[in-house]
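# Tertiary structure, described
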Amino acid sequence: MTSRMTPLLEHNEQFARTFTPVPLGLPAAQVILITCLDHRVDPALTLGLRLGDAPVLRNAGGRVTQPVIEEIAYLAFLGRRLAGGPVDGDKSVEVAVIHHTQCGTGLLADPGFRQQAAEATGADEAVLEASAVADPQITVAADVERLLASPLLPPQMSVSGHVYDVETGRVTTVLDARHPQPAGNS
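Residues numbered from 1 in each chain as written. Predicted model: local features only at pLDDT ≥ 70, side-chain atom pairs only at ≥ 80, totals over all residues. Heavy atoms only, no water.

## Details of the pattern of salt bridges
Here is the rule we go by: Just to be clear on terms, a salt bridge is a Lys or Arg side-chain nitrogen sitting within 4 Å of an Asp or Glu carboxyl oxygen. Secondary structure is summarised from DSSP: a helix means a run of H or I of at least four residues, a strand means a run of E of at least two, and numbering begins at the N terminus for each. Using a 1.4 Å probe on the protein chains alone, a residue whose accessible area is under 20% of its type maximum counts as buried, one over 50% counts as exposed, and one in between counts as partly exposed.
On inspection of all chains with the given rule, the structure shows five salt bridges. With a shortest N-O distance of 2.6 Å, Arg178 and Glu145 are connected by a salt bridge. Here Arg178 is found in strand S5 (residues 171-178), whereas its partner Glu145 is found in helix H6 (residues 136-149), with 33 residues between them in sequence. Under the relative-accessibility criterion, Arg178 is labelled partly exposed at 32%. Classification of Glu145 as partly exposed rests on a relative accessible area of 37%.

What follows is the structure, encoded as C-alpha cells:
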C-alpha cells in the first residue's frame with residue numbers, strides 16, 4: 001500500500017533542493033497569526049508568507065484559548081531574549097486573530113451535535129461550545145478582547161482581528177491593531 005504522504009514527500013524533495021535555512025530570530029513580518037486548522041485556510045498562501053515571516057498558531061476555530069495566550073507569552077519572552085531586551089517601536093510584534101467563514105466549529109453551536117462531538121472526542125461540552133465560530137465577525141472581536149485583557153500579553157504587543165472568506169479568498173479587517181490598556185484605564 002502506498003502512503004498518502006508519498007506525493008507530499010516528493011514535493012518536499014523538490015522544496016529541499018532550493019531550501020535556504022532561516023536562523024532563529026524575530027519574525028520577519030513582525031506578526032504572530034492565530035487561525036483555524038481548517039485545510040481551506042492556509043495563511044502562507046492567503047497572506048503570501050514565507051519561512052521565517054510569522055509564527056502561526058492553529059487550532060479548531062482559531063480561537064484564543066488559555067494555551068494560545070501562553071504560547072504568545074512564550075513567543076514574546078523568546079523574542080525579548082533573542083533581541084537582547086524589550087522589543088519596542090519598530091520591532092514590536094502584532095498578533096493577528098483570523099477567523100473564517102463557514103467554519104466547521106460553527107456546527108458546535110447546535111446542542112445535539114455538540115453532545116455527540118463531546119461523546120466522540122471526550123471533550124467537555126462547555127469547551128466545545130466556547131470553540132464554536134458561527135459568526136466570525138463576533139468571535140474574532142471576542143477573541144481580540146480576550147487577548148488584550150490577558151495579563152500575559154506584553155504591553156508593547158498589539159492585537160488585530162480579521163475574517164477570511166473561504167468563498168472569495170479575501171481577508172477583511174474587523175478590528176484594527178491596538179495595544180492592551182494598563183489596568184484601570186479604559
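## Some thoughts on the pairing of strand S3 (residues 94-100)
Definition in use: We treat two strands as partners when DSSP finds at least two bridges between them.
In terms of burial, S3 is a largely internal element, six of the seven residues being buried. The sheet contact formed by strand S1 (residues 31-36) and S3 spans five bridges and is parallel. When the bridges of S3 are listed, Thr35 appears paired with Ile98. Both S3 and strand S4 (residues 158-164) contribute to a ladder of seven bridges, which runs parallel. In the strand pairing of S4, Glu94 is matched with Ser158.

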